Amino acid sequence: MPRTVSATRYVTPLREGGSLPAIVEGDDLGLYVVKFRGAGQGPLALVAELISGEIGRALGLKVPEIVLMEVDAALGVNEPDPEIRDLLKASVGLNLALDYLPGSLMFDPAARDVAAPEIASMAVWFDAFVTNVDRTARNPNLLWWHKTLYFIDHGATLYFHHNWQNLEQSALSRFPAIRDHVLLHWADLIEKADELSRARLCEKLFTDVMAQLPDAWLLPEPGALVPDDKRRAYVTYLSSRLSAASSFVEEALRARASLI
Ligand SMILES: Nc1ncnc2c1ncn2[C@@H]1O[C@H](COP(=O)(O)OP(=O)(O)OP(=O)(O)O)[C@@H](O)[C@H]1O
Ligand SMILES: [Mg+2]
């Protein structure tokens, strides 16, 4: 399990976030960006955030530390905004929290931000692997912090988990949406990233990541009734996707060739 902290103070909502994430203080005095289990997107968004975040980290990309945050019923009672009160009430228990990066700025190609080819190429491989459509120029979800690029907002990745019946088919997806990736332009080392990724990811790593998911986020699905069945299904999916990497790599190379 990841480190668990308890929420001590709701600091402020991050209004730009669709799921109403917030800055919350933990009992270790740290500030965190919390993704709430009770938000409209439901616990699958937290599952995706944790799995993809840890896969990105294993690939060598910078991802803020992910911890679990325990919210108790007292946290929201004095919040004046009823929407926030309801969200906190629906989120009592374990939520996902990311280390807050104070003073970070969003990557902005229009402001002539550029990315290193190694990082851009690994990012393209990673986002194709976890099927992330949220890395576009309009919504890059990349933060500059201390001159380093941090990868955030993986809640909409792994979209196969909204439709478990098609697990095998989804694992083979070429992911054409990669054409809109904000870093594709700089990604001239995709084959190298592919080689590194295959060396860094494996079934054992996927199994270790699944062990970090709280049971409470793993609700039953047809064919995966208890949390451990679901953990195994994620490992199966990710292992198949890794075996099929050549097809999304080919697609990314093709998309880049038509871009430049
Ligand atoms: N670890 C962090 N440190 C500092 N700021 C952060 C961090 N995580 C998120 N933010 C800020 O909060 C905003 C919302 O976070 P995030 O994109 O993860 O949430 P979301 O609800 O999935 O958002 P959206 O649906 O709008 O993309 C980010 O755009 C960023 O400005
Ligand atoms: Mg976002």
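Residues numbered from 1 in each chain as written. Chains lettered and ligands numbered in written order. Predicted model: local features only at pLDDT ≥ 70, side-chain atom pairs only at ≥ 80, totals over all residues. Heavy atoms only, no water.

Asker: For this particular structure, what's the right way to read the coordination of the magnesium ion (ligand 2)?
Answerer: Working reference: metal with six octahedral donors, ideal angles 90 or 180 degrees; metal with four tetrahedral donors, ideal angle 109.5 degrees. Binding of the magnesium ion (ligand 2) to the protein goes through N141 (OD1) and D153 (OD), at separations of 2.1 to 2.3 Å. Here N141, found in the loop between α3 (117-129) and β7 (142-145), pairs with D153, found in the loop between β8 (148-151) and α4 (167-171); they are twelve residues apart in sequence, far enough to count as distant. Residue classification places D153 among the partly exposed positions, given a relative accessible area of 22%. (Donors = N, O, S within 2.8 Å, 3.2 Å for Na, K, Ca; no water. Helix = DSSP H or I, 4+ residues; strand = E, 2+ residues; numbered from the N terminus. Buried < 20%, exposed > 50% of the residue type's maximum accessible area, 1.4 Å probe, protein only.)

Asker: What exactly am I supposed to notice about the domain arrangement of the protein here?
Answerer: It is common to report an interface's size as the accessible area lost on association of the parts. Under the domain assignment, the protein is made up of domain 1 (4-99) and domain 2 (105-146 + 156-259). Inter-centroid distance (C-alpha atoms) of domain 1 to domain 2 is 22 Å. Taken together, the 20 residues of domain 1 in the interface contact 27 residues of domain 2. When domain 1 packs against domain 2, close to 2,000 Å² is buried across both sides, 82% of that on carbon and sulfur atoms. At the junction of domain 1 with domain 2, the criterion picks out zero salt bridges. (Domains from an automatic or database assignment. Contact = heavy atoms within 4.5 Å. Buried area = accessible area lost by both parts, 1.4 Å probe. Salt bridge = Lys/Arg side-chain N within 4 Å of Asp/Glu carboxyl O.)

Asker: Before we go on, may I ask you to explain helix α8 (residues 245-259) in this structure?
Answerer: A rise of 1.5 Å per residue sets the reference length of α8, with its 15 residues, at 21 Å; its end C-alpha atoms lie 21 Å apart and thus fit the reference within 8%. All of the buried residues along α8 are A245, S247, F248, V249, E251, A252, A255 and R256. Looking at the buried residues of α8, the elements they touch are α3, α5 (190-200) and α7 (227-243). (Expected span 1.5 Å × (residues − 1).)

Asker: Help me out: how do you make sense of the site of ligand 1 in this one?
Answerer: S19, K35, D99, L101 and D153 are the nearest of the 19 residues found near ligand 1. Residue L101 places a main-chain N or O atom 2.8 Å away from a nitrogen atom belonging to ligand 1. According to the grid-proximity analysis, the pocket containing ligand 1 is the largest pocket. Grouping the amino acids of the shell around ligand 1 by side-chain chemistry returns nine nonpolar, six polar and four charged. Shared between two domains, the shell around ligand 1 holds at least three residues of each, these being domain 1 (4-99) and domain 2 (105-146 + 156-259). (Near = heavy atom within 4 Å. Polar contact = N/O pair within 3.5 Å; in protein donor to acceptor, adjacent residues only side chain to side chain. 1 Å grid on protein atoms, 1.4 Å probe; cavity = no way out; pocket = protein on both sides within 12 Å on 5 of 7 lines; lining within 4 Å. Sits in = over half its atoms within 2 Å of the grid points. Nonpolar A, V, L, I, M, F, W, Y, C, P; charged D, E, K, R; others polar.)

Asker: Explain the packing of helix α1 (residues 43-58) against helix α6 (residues 203-210) here, please?
Answerer: Packing of α1 against α6 brings their axes to within 10 Å, and their N-to-C directions diverge by 135°. One finds that α1 runs oblique with respect to α6. α6 is crossed by α1, and the crossing has right-handed handedness. Together, L50, I51, E54, I55 and A58 of α1 and L205, F206, V209 and M210 of α6 make up the contact between the two elements. Broken down by class, the residue content of the contact of α1 with α6 amounts to eight nonpolar, no polar and one charged. (Axes fitted to C-alpha atoms, helices over the stretch in contact; angles between N-to-C directions. Parallel < 35°, antiparallel > 145°, perpendicular 65-115°, else oblique. Left-handed = near helix turned anticlockwise from the far one by under 90°.)

Asker: How do you make sense of the packing of aromatic side chains when you look at a structure like this?
Answerer: The relation between two aromatic rings is expressed through the spacing of the ring centres and the mutual angle of the planes. Taken as a whole, this structure holds twelve aromatic pairs when the rule is applied. Look at W125 and F129: their rings are 5.2 Å apart centre to centre, the planes differ by 20°, and that puts the pair in the stacked class. Here W125 and its partner F129 are both found in helix α3, four residues apart, which amounts to about one turn of the helix. Per residue, the accessibility class of W125 equals that of F129, and both read buried. With centroids separated by 5.7 Å and ring planes inclined at 75°, the aromatic side chains of W145 and Y150 adopt a geometry described as edge-to-face. Since its relative accessible area comes to 13%, Y150 is described here as buried. (Phe/Tyr/Trp six-rings, centres within 6.5 Å; stacked < 30°, edge-to-face > 60°.)

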